[in-house]
Amino acid sequence: MEATLTLPGFVNAHSHAFQRALRGRTEGDDFWGWRTAMLDVAEGLSPGQVRSGYVDVYREMLAAGYTAVGEFHYLGLAEAQEAVAAAEEAGIALVLLLSAYARGGLARSRQESPAAYLEQLEELRTAGARVGLAPHSVRACPRDWLEELGRYAAAEGLPLHVHANEQPKEIEECLAEHGMRPIELLAETGCLGPNSTVVHATHADAHELDLLAEAGARVCVCPTTEANLGDGFAPVEELATRGIGICIGSDSNVRIDPLEELRELEGIARRQTGRRNVVPVDALLSYGTREGAAALGIDTWADVEVDLTHRSLAGVDRADLEAALVFGCGADVFVA
Ligand SMILES: [Zn+2]
């Protein structure tokens, strides 16, 4: 038997690399308490710290089998340039998903107008970065921003990523402001299409899931972060049965392990349904690779090598190898 097996590299469709600094920290009674600690970290970062910190995080991703990453970035333009440079230095393919932020959060995350935001995006693109639009959330972007960014992404054929339905409070606020739920607002403002990825969708209702399916939009599920922050359970079976494309993200980078994300995803579905094999293994692996690449708008990304002599794979039949990877291995099974 050969000593290694080549697989398509895993694609991390949603990362905030700076949040890796919060690993092992436990403050914050809920998501909103954690967010305060997270924003404290974000506020103090210099471009130089972004550069050196992100190189380490991207190297950790590569060692774990991720060969491409979508960095959802809300720390400012100079720091976005450093994130792009850090990925080059580490050797990971990166799509810079530049966050648009109109209100709330930190001053460094905000732009004056959609036009000022698009100017930043084009500056990165002109410098050679692969980019996508990322209205941060319906909390951070009002209706007119969403409309303008949705139009621009469609016209330019660029990916559009947006957080939605991670926490019940965000849905209540959206209902109060707009009289509709977040994914309904995204549909109405032109932010849902085949190049769109909704991050989380944890608390999406049946109508919102139907809208995602009709639009051909994807959902990025981030199970280890969603567990860590007490977000809830992604509606895995409801997404899968509607044929909605699912991809994975390490998000807060509390864990960096694509196999664990996929195992959690199927584990959630099994706990919810009381059945096994809710999502077949080949589909799970596709979520971890091809769907992520499609969400980021990339056609090529590096492969990974599995160490077939690893102790986690001892005694496993060749025919069961892929299932054994997802259900019985950690990211140390990849040849770094
Ligand atoms: Zn996020």
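Our structure is the block above this text.
An account of the accompanying structure is given in this report. Worth saying up front: this structure is predicted, and the values here are computed from it rather than measured.

**Quick notes on the pattern of salt bridges**
Okay, step 1: All told, the structure shown has 19 salt bridges when counted by the stated rule.
Okay, step 2: Each of R20, R23 and E60 takes part in one network of salt bridges that share partners.

**A closer look at the packing of helix α2 (residues 47-63) against helix α3 (residues 77-90)**
Axis angle and axis distance: for two packed helices, these are the angle between their axes and the distance between the axes, and together they describe the pair.
Okay, step 1: Interhelical geometry of α2 versus α3 gives an angle of 35 degrees and a closest axis separation of 8 Å. Like other packed secondary-structure pairs, α2 and α3 cross with a definite hand, here right-handed. Contacts between α2 and α3 involve P47, V50, R51, Y54, V55, Y58, R59 and L62 from the former and A78, E79, E82, A83, A85, A86, A87, E89 and A90 from the latter.
Okay, step 2: In the contact of α2 with α3, the residues fall into twelve nonpolar, no polar and five charged.

**Digging into the packing of aromatic side chains**
How two aromatic rings sit relative to each other is given by the distance of their centres and the angle of their planes.
Okay, step 1: This structure, assessed with the given rule, holds six aromatic pairs.
Okay, step 2: Measuring from ring centre to ring centre gives 4.8 Å for F31 and W32, while their planes differ by 80 degrees; the resulting arrangement is edge-to-face. With respect to burial, F31 and W32 carry one shared label: buried.
Okay, step 3: Members of the aromatic cluster, each reached through a chain of ring pairs, are F18, Y74 and Y101.
Okay, step 4: Taking NZ or CZ as reference, K169 lies 4.2 Å from the ring centre of W32, over its face.

**Some details on the packing of helix α11 (residues 258-273) against helix α14 (residues 321-328)**
Okay, step 1: One can describe the packing of α11 onto α14 by two numbers: an axis separation of 7 Å at closest approach and a directional angle of 85 degrees. Between α11 and α14, the angle falls in the class roughly perpendicular. Of the residues in α14, those touching α11 at L259, L262, R263, E266 and R270 are L325, V326, F327 and G328.
Okay, step 2: Across the contact of α11 with α14, the residue classes break down as five nonpolar, one polar and three charged.

**Regarding the pairing of strand β7 (residues 196-200)**
Both faces of the sheet carry side chains from a regular strand, because those side chains alternate between them.
Okay, step 1: For β7, a buried count of five out of five residues is recorded, marking the element as mostly surrounded by other parts of the structure.
Okay, step 2: With five bridges connecting them, strand β6 (residues 160-164) and β7 associate as parallel partners. Of the residues in β7, the one forming a bridge with L160 is S196.
Okay, step 3: Looking at chain direction, β7 and strand β8 (residues 218-221) are connected through three bridges and run parallel. Across the sheet, V199 pairs through a bridge with C220, a residue of β8.
Okay, step 4: In this view, the connection linking β7 to its parallel neighbour β8 by way of helix α8 (residues 206-215) has right-handed handedness.

**Digging into α11**
Okay, step 1: Counted at 1.5 Å a residue, the expected span for α11 with its 16 residues is 22 Å, and the 23 Å between its end C-alpha atoms agrees.
Okay, step 2: The complete set of buried residues in α11 reads P258, L259, E261, L262, L265, E266, G267, I268, A269 and R270.
Okay, step 3: Where α11 begins, the side chain of D257 points an oxygen toward the backbone nitrogen of L259, at a separation of 2.9 Å.
Okay, step 4: Following α11 by one or two positions, G274 adopts a phi angle in the positive range, close to 75 degrees.

Conventions we followed
- Residues numbered from 1 in each chain as written.
- Predicted model: local features only at pLDDT ≥ 70, side-chain atom pairs only at ≥ 80, totals over all residues.
- Heavy atoms only, no water.
- Salt bridge = Lys/Arg side-chain N within 4 Å of Asp/Glu carboxyl O.
- Axes fitted to C-alpha atoms, helices over the stretch in contact; angles between N-to-C directions.
- Helix = DSSP H or I, 4+ residues; strand = E, 2+ residues; numbered from the N terminus.
- Left-handed = near helix turned anticlockwise from the far one by under 90°.
- Contact = heavy atoms within 4.5 Å.
- Nonpolar A, V, L, I, M, F, W, Y, C, P; charged D, E, K, R; others polar.
- Phe/Tyr/Trp six-rings, centres within 6.5 Å; stacked < 30°, edge-to-face > 60°.
- Buried < 20%, exposed > 50% of the residue type's maximum accessible area, 1.4 Å probe, protein only.
- Lys NZ or Arg CZ within 6 Å of the ring centre and 35° of its normal.
- Parallel < 35°, antiparallel > 145°, perpendicular 65-115°, else oblique.
- Pairing = 2+ DSSP bridges.
- Right-handed = clockwise from strand over helix to strand, strands pointing away.
- Expected span 1.5 Å × (residues − 1).
- Polar contact = N/O pair within 3.5 Å; in protein donor to acceptor, adjacent residues only side chain to side chain.

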